[in-house]
Amino acid sequence: DAKTTQPTSMDCAEGRAANLPCNHSTISGNEYVYWYRQIHSQGPQYIIHGLKNNETNEMASLIITEDRKSSTLILPHATLRDTAVYYCIVRGNTGNQFYFGTGTSLTVIP
Amino acid sequence: NAGVTQTPKFRVLKTGQSMTLLCAQDMNHEYMYWYRQDPGMGLRLIHYSVGEGTTAKGEVPDGYNVSRLKKQNFLLGLESAAPSQTSVYFCASSSGQRKSPLHFGNGTRLTVT
């Protein structure tokens, strides 16, 4: 099953860009990459997803490498409220399952 | 729209007791999921359903049963609760389309003593 690898934790200065990497080397050709974040013990919140091309929405940008083996979530101007655990996930082989790893704990520092 | 609603929000059980967690979604989604999250860990998939009347096992299905009698509801049952099932349980749904993201509820915090 396709799985992802992320750094355990990262810090970012408030106002600076936060760049969160993710490895998904076993992703299949037609699978999307999804990013979520979880603040405290709330339900995970959807941020963005992509297939091949870079994507941008009001929350973040997603950069996917040409070989699709890795991606980077960019929060352009991090705020204290962006402190959370960020998960990069892909579907399992059947296409019906979403597997979460342990995510990256991002701390935005004043 | 309420989105995904989980009930109850909190529950304390004694070892051996049974209970059912209810997940309801009002988005007409085909797919529904149950995850558990232990302290300091990511979410692990318990069971999921790709449509009314169908269920399938995820990563950690032992000790749980599920039912999807109505499209909008997905029930998670614990027949004989154990302390190892102390966790936060999250329900999620999606339309089932290839690029469709998951929509999560706010979780049920279960403690088994």
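Residues numbered from 1 in each chain as written. Chains lettered and ligands numbered in written order. Predicted model: local features only at pLDDT ≥ 70, side-chain atom pairs only at ≥ 80, totals over all residues. Heavy atoms only, no water.

1. Some remarks on the overall build of chain B
Regarding its fold elements, chain B presents zero helices and 11 strands. Order of helices (α) and strands (β) in chain B, N terminus to C terminus: β-β-β-β-β-β-β-β-β-β-β. The C-alpha radius of gyration computed for chain B amounts to 13 Å, which stays within 12% of the reference 13 Å derived for 113 residues, consistent with globular compactness. Considered along the principal axes of its C-alpha atoms, chain B spans approximately 40 × 30 × 25 Å. Counting across all 113 residues of chain B, residues that qualify as buried make up 49%. For chain B, contacts bridging at least 24 residues in sequence account for 54% of all contacts bridging at least 6. About 5400 Å² of surface is accessible on chain B, with carbon and sulfur atoms providing 51% of the total. (Helix = DSSP H or I, 4+ residues; strand = E, 2+ residues; numbered from the N terminus. Rg over C-alpha atoms; globule rule 2.2 N^0.38 Å. Buried < 20%, exposed > 50% of the residue type's maximum accessible area, 1.4 Å probe, protein only. Contact = heavy atoms within 4.5 Å. Areas by Shrake-Rupley, 256 points an atom, 1.4 Å probe, with all protein chains shown as cover.)

2. Observations regarding the pattern of salt bridges
Pairs can form between side chains of opposite charge whenever their charged atoms are close. Residues and elements named next belong to chain B. Applying the stated rule across the entire model yields four salt bridges over all chains. For Arg36, the salt bridge is made with Asp38, and the minimal N-O distance between the two is 2.9 Å. Exposure class is identical for Arg36 and Asp38. Each is buried. Counted as one network, the salt bridges with shared partners bring together Arg36, Asp38 and Arg44. (Salt bridge = Lys/Arg side-chain N within 4 Å of Asp/Glu carboxyl O.)

3. Remarks on the interface of chain A and chain B
Listed by partner, the interface residues are 22 residues for chain A and 24 residues for chain B. Interface area for chain A against chain B, summed over the two sides, is near 1900 Å², with a carbon-plus-sulfur share of 52%. When the buried surface of chain A facing chain B is broken down by residue, Asn96, Phe98 and Phe100 of chain A rank first, second and third, together holding 27% of it. For the interface between chain A and chain B, the tally reads zero salt bridges. Where chain A touches chain B, the interface holds seven residue pairs in polar contact (both at pLDDT 80 or more). Sorting the residues of the side of chain A that touches chain B by element identifies strand E3 (33-38), strand E4 (45-50), strand E8 (84-91) and strand E9 (98-99) of chain A as the ones contributing at least two each. If you tally residues by element for the side of chain A that touches chain B, the top one is E3 of chain A, at three residues. Tallied by class, the residues present in the side of chain A that touches chain B amount to nine nonpolar, 11 polar and two charged. (Buried area = accessible area lost by both parts, 1.4 Å probe. Polar contact = N/O pair within 3.5 Å; in protein donor to acceptor, adjacent residues only side chain to side chain. Nonpolar A, V, L, I, M, F, W, Y, C, P; charged D, E, K, R; others polar.)

4. A look at the environment of Ile39 of chain A
If you trace the backbone, Ile39 of chain A turns up in the loop between E3 and E4. Excluding its chain neighbours within four sequence positions, the residues that come into contact with Ile39 of chain A are Arg81, Thr83 and Ala84 of chain A.

5. Notes on the packing of aromatic side chains
This model, assessed by the stated rule, comprises 13 aromatic pairs over all chains. Ring centres of Phe100 of chain A and Phe104 of chain B lie 5.8 Å apart, and the angle between their planes is 80°; on these two criteria the pair is classed as edge-to-face. Pair noted here: Phe100 of chain A is in the loop between E9 and strand E10 (104-109) and Phe104 of chain B is in strand E10 (residues 103-104), and the two residues belong to different chains. Following the ring pairs from residue to residue traces out a cluster consisting of Tyr32, Tyr34, Tyr36, Tyr46, Tyr87, Phe98 and Phe100 of chain A together with Tyr33, Tyr35, Tyr48 and Phe104 of chain B. (Phe/Tyr/Trp six-rings, centres within 6.5 Å; stacked < 30°, edge-to-face > 60°.)

6. Observations regarding the nonpolar core
Burial of nonpolar side chains together is a common tendency in soluble globular proteins. Residues and elements named next belong to chain A. Counting residues in hydrophobic clusters, the biggest one holds 21 residues, and the most contacted among them are Trp35, Leu73, Tyr86 and Leu106. For this core, the element with the most residues is E8, which contributes four residues. With residues near it in sequence (within four places) discarded, Leu106 still touches Met10, Asp11, Cys12, Ala18, Leu20, Leu75, Asp82, Thr83, Ala84 and Tyr86. (Core = buried A, V, L, I, M, F, W, Y, C linked by side-chain atoms within 4.5 Å.)

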